[in-house]
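For reference, the chains in residue letters:
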Amino acid sequence: MKTLIQNGLLIDPRNQVQAKLNLLLENGRVVSVTRDIPPADRSIDAAGMTVSPGFIDIHMHEDFVGADGHLEDDDQKAIFKCMLRMGVTTVLGGECGINRYDPAQYLDIVDRDGAAVNVALLAGHAFIREACGHTDKYTPATEEELAAMARMLDEELDAGCFGISYGIRYTPGLNRRELLETARACVSRKKMIAAHVRDDAAEIFAAGREFLDAARELKLPAQFSHIGSMAGFGQMEDFLAFIAEYRMNGLDVSCDCYPYYAFSTAIGATTYDDGWMERYHCDYGVIEICEGKYKGQRCTKEIFEEERRDHPEHLTVCYVMKEQDVDMALQSPNVMLGSDGIMNNGQGHPRAAGSFPRLFSEFVRKGKLSLYEAVRMCTAMPAERLGLKNKGSLQAGADADIVIFNPDTIADRATFAEPALPPVGIACVLINGEIAMQHGEIINGRLGKAVRKI
Ligand SMILES: [Zn+2]
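What is the right way to look at the overall build of the protein chain in this model?
Secondary structure summary: the protein chain contains 14 helices and 25 strands in total. For 454 residues, the compact-globule estimate of 2.2 N^0.38 gives 22 Å, and the C-alpha radius of gyration of the protein chain, at 21 Å, lies within 12% of that figure. The buried share among the 454 residues of the protein chain stands at 54%. Taking all contacts inside the protein chain whose residues are at least 6 apart in sequence as the whole, residues at least 24 apart take part in 76%.

Okay, here's the thing in structure tokens:
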């Protein structure tokens, strides 16, 4: 079946294109890009709309696998469905050291059942560490455990994972040797490492050095995760220069960031270990509880201690980042959009269902970014970072992953109270040439496939 998308403004920064062009799709691919109107079996009128490669979310946390062996499928709870409704067609999960399930098997489940979006994964260091028997996050792995981790990482990378992620903040027992000995699995396979580094705010420079020096020693591409929530406390200008210095001296490093001024993590996370209030210069009241009986409430000392003791898994939102720092990051040419979306039973931070539309409503329409630049941050940059030849582009031959949106109305609606609320202004999303979402309604939530890097 031939599909024609006509009358839209095609923006494809990977090919340096912004022009009124029509797209002809067949068999899951773009077959031609033309000013003509070729015959087709169906046509989609994109007049007044932007036609962009489907967005690629380079930093998110994938859906859970249920006891029945299938991915979460509930419309309100499945993060892949939130992704699809905001125009994302491909995600990279397994971030911050965390996997929901063995990543090689997860990719097989995606292929067996289909998913709402195309799914690529990193192998999470903490997941591998636990699978190899080391459950104490505060102590280093033993030599035997390290050898087992290296073997398991070899297998996960050979099964198609794009590299290894670290959540050093959450696994403080990781030392330099463990970082190098695990990351080494990426060297011969030319894969990447990504990290949520050990510390933030004033300590971000030492934490950044630990990660980037390891990448430089092994000559690995490095992705610095959610820079806004790491250096967004008054350090951003200096820290962007710090990253640029590594880049100018030969390290292939880039960053991602989500367009919000508050971060989210579990109340039991090491982020809230003693000293956190001194680090962010704040009080208990900056934390909002997202689940359970205190849902929607700000913390007091009593609530904080009770939740941390009784419900360490409950998600929180922490309102501590500086707007000008997050804006500066998103305006930096080396920073791409990454939602860091995470959902626990339908609860969490609205970035999981709002990040991409929000970049257009809050940054493009308010004059902080051009439309072209915003599309570049959501398509060409992550595709190039991941080495995806056929995605993040609408050239003839590319995968027909496409988002059609109205640049004047696209906007996020998800809030901290209703984190899964779908955005508005997205007319249509196609995955592998088929219509997956139209005007907020999921038409087919199973078009996504596993994306492997072999
Ligand atoms: Zn993280």
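Back to the write-up after that little detour.
Mind showing me how you'd approach the sheet that holds strand β8 (residues 55-57) here?
Each strand in a sheet pairs with its neighbour through backbone hydrogen bonds, running either in the same direction (parallel) or in the opposite one (antiparallel). Spatial strand order, β8-β9-β10: three strands in an open sheet with parallel pairing. Among the strands making up the open sheet, the edge pair consists of β8 and β10 (118-121). Going across the sheet, the axis of each strand differs from the next one's by a mean of 15°, ignoring polarity. Bridging between strand β9 (residues 88-93) and β10 involves four bridges; their strand directions are parallel.

So what exactly am I meant to see when it comes to the environment of Leu24 here?
You can see Leu24 is positioned in strand β4 (residues 22-26). Considered as a pair, Leu24 and Ala400 are 376 residues apart in the sequence and their alpha carbons are 9.4 Å apart. Apart from the residues lying within four places of it in its own chain, the contact partners of Leu24 are Lys2, Leu4, Val31, Ser32, Thr34, Pro38 and Ala40.

What exactly am I supposed to notice about the nonpolar core here?
The nonpolar side chains of soluble globular proteins are, as a tendency, buried together. The biggest cluster of nonpolar side chains holds 149 residues, and the ones touching the most others in it are Met83, Val117, Ile193 and Ile404. Look past the residues within four positions of Met83 in its chain and what remains in contact with it is Asp57, Met60, Val88, Val91, Ala116, Val117 and Gly341.

Looking at this structure, I do not really get the environment of Val317. What am I missing?
Relative to the helices and strands, Val317 resides in strand β18 (residues 315-318). Apart from residues lying up to four places away in sequence, Val317 is in contact with Ala262, Ser264, Glu288, Cys290, His349 and Phe416.

It is not clear to me how the sheet that holds strand β5 (residues 29-34) should be interpreted in this structure. Could you clarify?
Here we have four strands laid out as an open sheet, ordered β5-β4-β1-β6, and mixed in their pairing. Where the open sheet ends on each side, the last strands, each with one partner, are β5 and β6 (42-45). Direction aside, the axes of adjacent strands within the sheet are offset by 20° on average. As defined by bridge partners, β4 adjoins β5 across five bridges and the pair is classed as antiparallel. Along β5, the bridge assignment pairs Leu25 with Val30.

I keep staring at the pairing of β4 and nothing clicks. Help me out?
Every regular strand shows the same layout, with side chains that alternate between the two sheet faces. For β4, the tally of buried residues reaches four of five residues, placing the bulk of the element in the interior. Both strand β1 (residues 2-6) and β4 contribute to a ladder of four bridges, which runs antiparallel. Considered in β4, the bridge of Thr3 is made with Leu25. Connecting the antiparallel pair β4 and β5 is a turn made up of two residues, with Asn27 showing a positive phi of about 55°.

What am I meant to see in the environment of Ala150 here?
Its location among the elements puts Ala150 in helix α4 (residues 143-158). Setting aside anything within four residues of it in sequence, one finds Ala150 in contact with Glu181, Thr182 and Ala185.

Is there a simple way to think about the packing of helix α5 (residues 176-183) against helix α6 (residues 204-218) in this case?
Two packed helices can be described by the angle between their axes and the distance between those axes. One way to put it is that α5 packs onto α6 with a least axis distance of 10 Å and a crossing angle of 45°. Put simply, α5 runs oblique to α6. Helix-helix and strand crossings are classified by hand; for α5 and α6 the assignment is right-handed. Across from Leu179, Leu180 and Ala183 in α5, the residues of α6 making contact are Ala214, Glu217 and Leu218.

Any chance you could explain the pairing of β9 here in plain terms?
With six of six residues buried, β9 lies mostly within the body of the structure. In this region the chain leaves β8, passes through helix α1 (residues 79-85) and returns to the parallel neighbour β9; the handedness of that crossover is right-handed.

Is there a simple way to explain unusual backbone geometry in this structure?
Peptide bonds are mostly trans, and most non-glycine residues show a negative phi. In this structure, Cys96 takes a positive phi of about 60° despite not being glycine. Here Cys96 shows up in the loop between β9 and α2 (103-113). Even without being glycine, Asp340 reaches a positive phi, approximately 55°. With respect to the helices and strands, the residue Asp340 is situated in the loop between β19 (335-337) and β20 (343-344). Residue classification places Asp340 among the buried positions, given that 27 C-beta atoms sit within 10 Å.

How should helix α11 (residues 323-330) be read in this particular structure?
Quick reminder: α-helices carry 3.6 residues per turn. Residues three or four places apart thus point the same way. Most of α11 is tucked away, with six of its eight residues classed as buried. Every buried residue belonging to α11 is among Asp325, Val326, Asp327, Met328, Ala329 and Leu330, and all of these are buried. Tucked into the core, α11 has its buried residues touching α7 (228-231), α8 (236-248), β15 (253-257), β19 and α12 (351-364).

Would you explain the packing of α12 against helix α13 (residues 371-378) in this entry?
Their axes nearest at 10 Å, the elements α12 and α13 cross at an angle of 155°. Put simply, α12 runs roughly antiparallel to α13. Remark: the crossing between α12 and α13 carries right-handed chirality. Across the interface between the two elements, Phe356, Leu359, Phe360, Phe363 and Val364 from α12 touch Leu371, Ala374 and Cys378 from α13. Among the residues forming the contact of α12 with α13, the class breakdown is eight nonpolar, no polar and no charged.

Cut-offs applied
Residues numbered from 1 in each chain as written. Predicted model: local features only at pLDDT ≥ 70, side-chain atom pairs only at ≥ 80, totals over all residues. Helix = DSSP H or I, 4+ residues; strand = E, 2+ residues; numbered from the N terminus. Rg over C-alpha atoms; globule rule 2.2 N^0.38 Å. Buried ≥ 20, exposed ≤ 12 C-beta atoms within 10 Å, placed from the backbone. Contact = placed C-beta atoms within 7 Å. Pairing = 2+ DSSP bridges. Axes fitted to C-alpha atoms, helices over the stretch in contact; angles between N-to-C directions. Core = buried A, V, L, I, M, F, W, Y, C linked by C-beta atoms within 7 Å. Parallel < 35°, antiparallel > 145°, perpendicular 65-115°, else oblique. Left-handed = near helix turned anticlockwise from the far one by under 90°. Right-handed = clockwise from strand over helix to strand, strands pointing away. Nonpolar A, V, L, I, M, F, W, Y, C, P; charged D, E, K, R; others polar.

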